[in-house]
Amino acid sequence: MHQRVVLFVLLGVGLLCLSLTPICQAEDLVEDSLGDDVDVEDELDLGLAGAEDEEEELEGDFQDEAPTAPKTPPTPKVTYKAPEPMGEHFFAESFDRGTLDGWVLSNAKKDDADEEIAKYDGKWAVEEMKDSKLPGDKGLVLKSRAKHHAISAQMLRPFTFDTQPLILEYEVNFQSGIDCGGAYVKLLTQTPELDLDQFVDKTPYTIMFGPDKCGEDYKLHFIFRHKNPKTGEYEEKHAKKPDADLRTYYTDKKTHLYTLVVNPDNSFEVLVDQTVVNSGNLLTDMTPPVNPPAEIEDPDDHKPEDWDERPKIQDPDAVKPEDWDEDAPAQVPDEDAVKPDGWLDDEPEYLGDPDAVKPEDWDEDMDGEWEAPQIPNPACEAAPGCGVWKRPMVDNPNYKGKWKPPMIDNPNYQGIWKPRKIPNPAYFEDLHPFRMTPFMAVGLELWSMSSDIFFDNFFITNDRNTADRWANDGWGLKKAAEGAAEPGLAAQMLNAAEERPWLWVVYVLTVALPLVLIFVFCCTGKKKSAASPAEYKKTDEPQPDVKEEEEENEEKAEEAAKSSPAAEENGDEEDAPAEEEENEEEEKEATAEEKEDDILRRSPRSRKARRD
């Protein structure tokens with residue numbers, strides 16, 4: 001019993017720990033962020049060390065006069081410092097100048113759209129986030145709802161796809177959530193016709209990358225336009241959909257870093273917050289494929305008229321049995337049924353309501369002859385039924401239905417017909433789709449039903465280390481600041497329960513289930529009853545020496561009684577009855593021993609011992 005209680009206590013504690021594991025992990029992440037914050041603050045405060053030393057010298061005299069009071073350690077803070085591009089790069093924009101210098105607003109109109117919404121008149125602004133954890137950090141904000149927005153900027157120089165990878169990264173924060181709209185970026189193709197002032201949805205681009213959402217469809221686009229080497233036409237190639245759940249990135253109102261890496265070996269990676277959420281190869285993981293099939297179905301091939309695609313046919317030699325009655329009904333009246341006693345044949349089941357009155361506005365010419373509404377016949381309430389009695393219907397045992405010949409394998413079956421294959425006249429093989437068309441500008445061409453979408457820290461390079469340094473200097477600071485402002489464990493649990501009410505059930509079960517298990521197995525256990533001699537006989541289980549223990553207990557009780565003063569005074573008077581009681585007990589014990597010996601002699605184990 002004790003071991004079972006310990007086992008279930010350990011089980012309850014284990015369940016509690018497993019239930020709290022995700023929450024503990026979340027708390028660890030917050031603590032890690034806070035630790036990072038302190039490191040960032042220490043690094044950023046190095047530039048301010050000289051000023052602090054001067055303040056300490058000025059305050060030295062006051063400290064000598066007044067006793068110093070103990071101070072609590074300050075809360076870690078993250079001071080913003082604009083990231084600076086270092087290393088090889090083609091484009092870098094942090095918007096910390098507070099202006100749109102270098103960016104061009106589109107003055108074009110969207111084709112095939114209503115005049116009211118065709119113009120790209122959505123508003124843009126450079127400002128801090130609404131709930132900024134880094135004062136001084138500014139970004140590009142999409143300000144309008146239900147408007148077309150288009151803005152673009154020229155790069156330092158065109159990006160050419162040769163032997164170096166392409167790395168594109170930027171930050172997005174859906175400050176007001178996102179209902180329907182995109183936050184993707186377009187890398188505009190280098191062409192002589194490129195005019196940023198007329199940037200529209202049909203402006204040629206090389207790559208489109210970034211988040212997009214409408215309804216419950218959460219997307220993270222990676223699309224590139226591939227040039228057909230035979231026709232010279234461009235076709236969009238879409239990367240496969242990520243397997244990761246993207247919902248959190250759109251709903252948590254945090255700043256997320258989106259990164260695209262395309263390598264010269266045709267491999268690609270899509271990362272969110274420096275974590276890979278999608279990867280693949282340009283040759284095998286794009287839709288439609290980069291290279292068309294080598295063979296296609298002949299459009300001029302047609303199925304022959306005598307082609308038989310039927311795997312089964314009716315047996316032509318089968319004959320309908322002579323006793324097969326196709327006209328027999330599926331059900332027939334039950335001949336064994338008897339009309340219940342008291343059935344009222346002459347009473348209708350429903351009657352006109354005698355209390356009903358024709359409405360005053362009833363027009364018989366327009367509405368027809370008025371009739372009282374029907375109500376159940378009161379006379380039928382006590383009777384088994386009213387109206388003409390009919391026998392109930394039962395299944396007809398002779399019913400077989402319409403006869404059909406059995407199905408057999410078709411001896412002329414030729415399979416499912418398919419057109420023959422011919423060489424694809426449009427076939428080509430491009431083994432280096434990475435060599436895309438060069439691009440020379442970055443653009444945002446968006447329609448959104450949500451406002452206040454925050455963009456920041458655009459960066460394009462061909463060096464992974466340079467990109468990581470830019471990300472750490474920009475997004476890394478935001479992550480540290482948001483981590484420092486994260487609520488405690490209890491607040492996180494309450495916030496999560498507000499968003500997902502079903503978590504209250506998980507919390508209650510996590511706490512209550514171990515307690516219930518402990519109570520049930522500690523307080524409601526049943527004691528094992530002593531087995532009878534007959535049960536020992538059935539199972540051959542060895543019997544405990546209960547009788548010897550009882551005899552020892554009786555001897556101890558007798559010795560205690562004799563040693564007491566009252567027993568010495570009344571010893572003479574009780575000697576005679578005591579002797580008689582002892583004799584009776586000895587006789588009972590002798591009888592019980594004889595029964596037990598008889599049971600043991602009859603047991604299979606004793607028989608086996610006697611045979612041996």
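As the structure is a prediction and not an experimental result, all values here were calculated from the model.

## Topic: the overall build of the protein
Next up, step 1: Of regular secondary structure, the protein possesses 14 helices and 25 strands.
Next up, step 2: Per-residue burial over the protein gives 30% buried out of 612 residues.
Next up, step 3: Contacts in the protein between residues at least 24 apart in sequence constitute 76% of all its contacts with a sequence separation of at least 6.
Next up, step 4: Of the roughly 40,000 Å² of accessible surface on the protein, 52% is carried by carbon and sulfur atoms.

## A short note on the pattern of salt bridges
Next up, step 1: Tallied over the full model, the rule gives 25 salt bridges.
Next up, step 2: Two residues, Lys339 and Asp345, come together in a salt bridge whose shortest N-O distance is 3.0 Å.
Next up, step 3: Judged by relative accessible area, which is 32%, Asp345 ranks as partly exposed.
Next up, step 4: Through salt bridges that share partners, Glu127, Lys130, Lys143 and Asp452 make up one connected network.

## Let's talk about the side chain of Asn278
Next up, step 1: Here Asn278 shows up in strand S14 (residues 275-281).
Next up, step 2: The exposure class assigned to Asn278 is buried, which follows from its relative accessible area of 6%.
Next up, step 3: In terms of polar contacts, Asn278 uses its side chain to reach the backbone carbonyl oxygen of Lys240, at 2.8 Å.
Next up, step 4: The residues touching Asn278, leaving out its near neighbours within four places in the chain, are Ala239, Lys240, Lys241, Pro242, Phe268, Glu269 and Val270.

## Focus: the packing of aromatic side chains
Next up, step 1: Scanning all chains against the criterion turns up 19 aromatic pairs.
Next up, step 2: Ring centres of Tyr170 and Phe458 lie 5.1 Å apart, and the angle between their planes is 5 degrees; on these two criteria the pair is classed as stacked. Here Phe458 lies in strand S25 (residues 453-461) and Tyr170 lies in strand S6 (residues 166-174), a separation of 288 residues in the sequence. Across this residue pair, the class does not change: Tyr170 and Phe458 are buried.
Next up, step 3: Seen from their ring centres, Phe174 and Tyr250 are 5.6 Å apart, and the 15 degrees between their planes marks the pair as stacked. Separated by 76 residues along the polypeptide, Phe174 in strand S6 and Tyr250 in helix H5 (residues 247-251) bring together distant segments of the chain.
Next up, step 4: Residue classification places Phe174 among the buried positions, given a relative accessible area of 3%.
Next up, step 5: Looking at Tyr250, the relative accessible area reads 3%, which means it is buried.
Next up, step 6: What links up through ring pairs into an aromatic cluster is the set Phe91, Phe95, Trp103, Trp124, Tyr170, Phe209, Tyr258, Phe455 and Phe458.
Next up, step 7: Directly above the ring of Phe90 sits Arg157, whose terminal nitrogen or CZ lies 4.4 Å from the centroid.
Next up, step 8: Its end group placed over the ring of Tyr234, Arg225 keeps NZ or CZ at 4.6 Å from the ring centre.

## What about the pairing of strand S9 (residues 205-214)?
Next up, step 1: Burial within S9 is extensive, with nine of its ten residues counted as buried.
Next up, step 2: The sheet contact formed by strand S7 (residues 180-182) and S9 spans three bridges and is antiparallel. Residue pairing in the sheet places Gly181 in a bridge with Lys213 of S9.
Next up, step 3: Both strand S8 (residues 185-189) and S9 contribute to a ladder of four bridges, which runs antiparallel. Its bridge partner lying in S9, Lys186 is registered against Met208.
Next up, step 4: Bridging between S9 and strand S10 (residues 217-227) involves eight bridges; their strand directions are antiparallel. Counterpart to Asp212 in the pairing with S10 is Lys219.

## Structural notes on a nonpolar patch on the surface
Next up, step 1: A cluster of nonpolar side chains, namely Val516, Phe519 and Val520, defines an oily patch on the protein surface of about 270 Å² accessible area.
Next up, step 2: Turning to its location among the elements, Phe519 is positioned in helix H9 (residues 503-523).

## Topic: the pairing of strand S24 (residues 439-448)
Both faces of the sheet carry side chains from a regular strand, because those side chains alternate between them.
Next up, step 1: Most of S24 sits inside the fold, with nine of its ten residues counted as buried.
Next up, step 2: In terms of strand pairing, strand S5 (residues 147-159) meets S24 through nine bridges, oriented antiparallel. Across the sheet, residue Ser152 finds its bridge partner in S24, namely Gly443.
Next up, step 3: By the bridge criterion, four bridges tie S8 to S24 in an arrangement that is antiparallel. Residue pairing across strands places Leu188 opposite Ala441, the latter belonging to S24.

## Digging into the environment of Ile223
Next up, step 1: Assignment of secondary structure puts Ile223 in strand S10.
Next up, step 2: A sequence separation of 18 residues divides Ile223 from Tyr205, and the C-alpha atoms of the two residues are 9.8 Å apart.
Next up, step 3: If we skip the residues at most four places from it in the chain, Ile223 touches Tyr205, Thr206, Ile207, Met208, Glu236, Lys237 and His238.

Basis of the calculations
Residues numbered from 1 in each chain as written. Predicted model: local features only at pLDDT ≥ 70, side-chain atom pairs only at ≥ 80, totals over all residues. Heavy atoms only, no water. Helix = DSSP H or I, 4+ residues; strand = E, 2+ residues; numbered from the N terminus. Buried < 20%, exposed > 50% of the residue type's maximum accessible area, 1.4 Å probe, protein only. Contact = heavy atoms within 4.5 Å. Areas by Shrake-Rupley, 256 points an atom, 1.4 Å probe, with all protein chains shown as cover. Salt bridge = Lys/Arg side-chain N within 4 Å of Asp/Glu carboxyl O. Polar contact = N/O pair within 3.5 Å; in protein donor to acceptor, adjacent residues only side chain to side chain. Phe/Tyr/Trp six-rings, centres within 6.5 Å; stacked < 30°, edge-to-face > 60°. Lys NZ or Arg CZ within 6 Å of the ring centre and 35° of its normal. Pairing = 2+ DSSP bridges. Patch = residues over 30% accessible without salt bridge, like charges linked within 9 Å, V, L, I, M, F, W, Y side chains within 5 Å.

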